[in-house]
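Each chain, letter by letter, is given below.
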Amino acid sequence: MLLKGKKILSFVSTDFEDLELWYPILRLREEGAIVHLIAEEKSHEYIGKYGVPAISDATFSEINTEDYDALLVPGGWSPDKLRRFDDVLRITREFNDAKKPIGQICHAGWVLISADILKGVNVTSTPGIKDDMTNAGAIWHDEAVVVDGHIVSSRRPPDLPDYMREFIKVIAK
């Protein structure tokens, strides 16, 4: 197990993309990682775009990023909600400042945009937010997965195997 003992945070909010939350969490757990879901409310059930539930372990404000090794930002419509929380932006910036792995897929780039951490960073995302990414200073690529140092990005659900293969490698380093 490549990630035994690693602790990973994942944001969660309503309307997350079900596969973009659960596929990465399950793959990370298969590799031995402990994954905590954090949200606005603790022990709250959040429902994905297709009806799959996820229950939060802690609130954003309870988190000390020094206790974690990586951050997962799922896509769907939830990133547009998540980026409105100061603690979400603080957490994202702290992971970035510490050069800890950050994984983002599809619309998750909105959180990184609002955290103002993409200037000069090579990324991908759903083509629907390409302009948002480039306007934030990112260098956008239409590829299944892009790794730029500690930031691993991907486009959409069909790219999940490539995304997780690379994200796991970056966390394991």
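Note that this is a predicted model, so its numbers are computed, not measured.

A. Fine view of helix α6 (residues 160-172). The end-to-end C-alpha distance of α6, which contains 13 residues, comes to 18 Å, matching closely the 18 Å that a straight helix rising 1.5 Å per residue would cover. Residues of α6 that are buried: L160, Y163, M164, F167, I168, V170 and I171. Within α6, the buried residues cover an arc of 160° as seen down the axis, which keeps them to one side. On its buried side, α6 packs onto β1 (7-11), α1 (18-30), β6 (70-73), β7 (102-105), β10 (145-148) and β11 (151-154).

B. Quick look at the sheet that holds β1. Taking strand neighbours across the sheet as the criterion, the seven strands line up as β5-β2-β1-β6-β7-β11-β10 in an open arrangement whose pairing is mixed. A strand with exactly one partner marks an edge of an open sheet, and here the two such strands are β5 (58-59) and β10.

C. Focus on unusual backbone geometry. Its identity is not glycine, yet C106 carries a phi of approximately 60°, on the positive side. Checked against the element boundaries, C106 lands in the loop between β7 and α4 (109-114). The exposure class assigned to C106 is buried, which follows from its relative accessible area of 8%. If you check the backbone angles, D116 has positive phi at about 60° while not being a glycine. Here D116 shows up in the loop between α4 and β8 (122-123).

D. The packing of aromatic side chains, seen in detail. Across all of its chains, the model carries three aromatic pairs by this definition. Members of the aromatic cluster, each reached through a chain of ring pairs, are F11, F60 and F85. The ring centre of Y68 lies 4.8 Å from the NZ or CZ of K7, which sits over that ring. One residue, K100, lies across the ring of F95, its end atom 5.6 Å from the ring centre.

Calculation criteria
- Starting afresh in each chain, residues are numbered from 1 along the sequence in its written order.
- Only residues with pLDDT of 70 or above have their local features reported here, since the model is predicted, and side-chain atom pairs are shown and tallied only from 80 upward, although totals for entire chains, interfaces and linings are computed over all residues.
- Derived side-chain values reflect all non-hydrogen atoms in the structure, with water molecules and hydrogen atoms excluded from consideration.
- In this description a helix means any DSSP run of H or I spanning at least four residues, a strand means any run of E spanning at least two, and both kinds are numbered starting from the N terminus.
- Residue count minus one, scaled by 1.5 Å, sets the expected span of a helix.
- Buried means the residue's accessible area, taken with a 1.4 Å probe over protein chains only, is under 20% of the maximum for its type, while exposed means over 50%, and partly exposed covers the values in between.
- Relevant arc is that of directions from the helix axis to the C-beta atoms, nothing else.
- Contact definition: two residues touch when any of their heavy atoms are within 4.5 Å.
- Pairing between strands requires that DSSP locate at least two bridges from one strand to the other.
- Working definition: rings of Phe, Tyr and Trp (its six-membered ring) pair if their centres are within 6.5 Å, and the pair is stacked with planes under 30 degrees apart, edge-to-face with planes over 60 apart, and tilted otherwise.
- Here, a charge over a ring means that NZ of Lys or CZ of Arg falls within 6 Å of the ring centre while also lying within 35 degrees of the ring normal.

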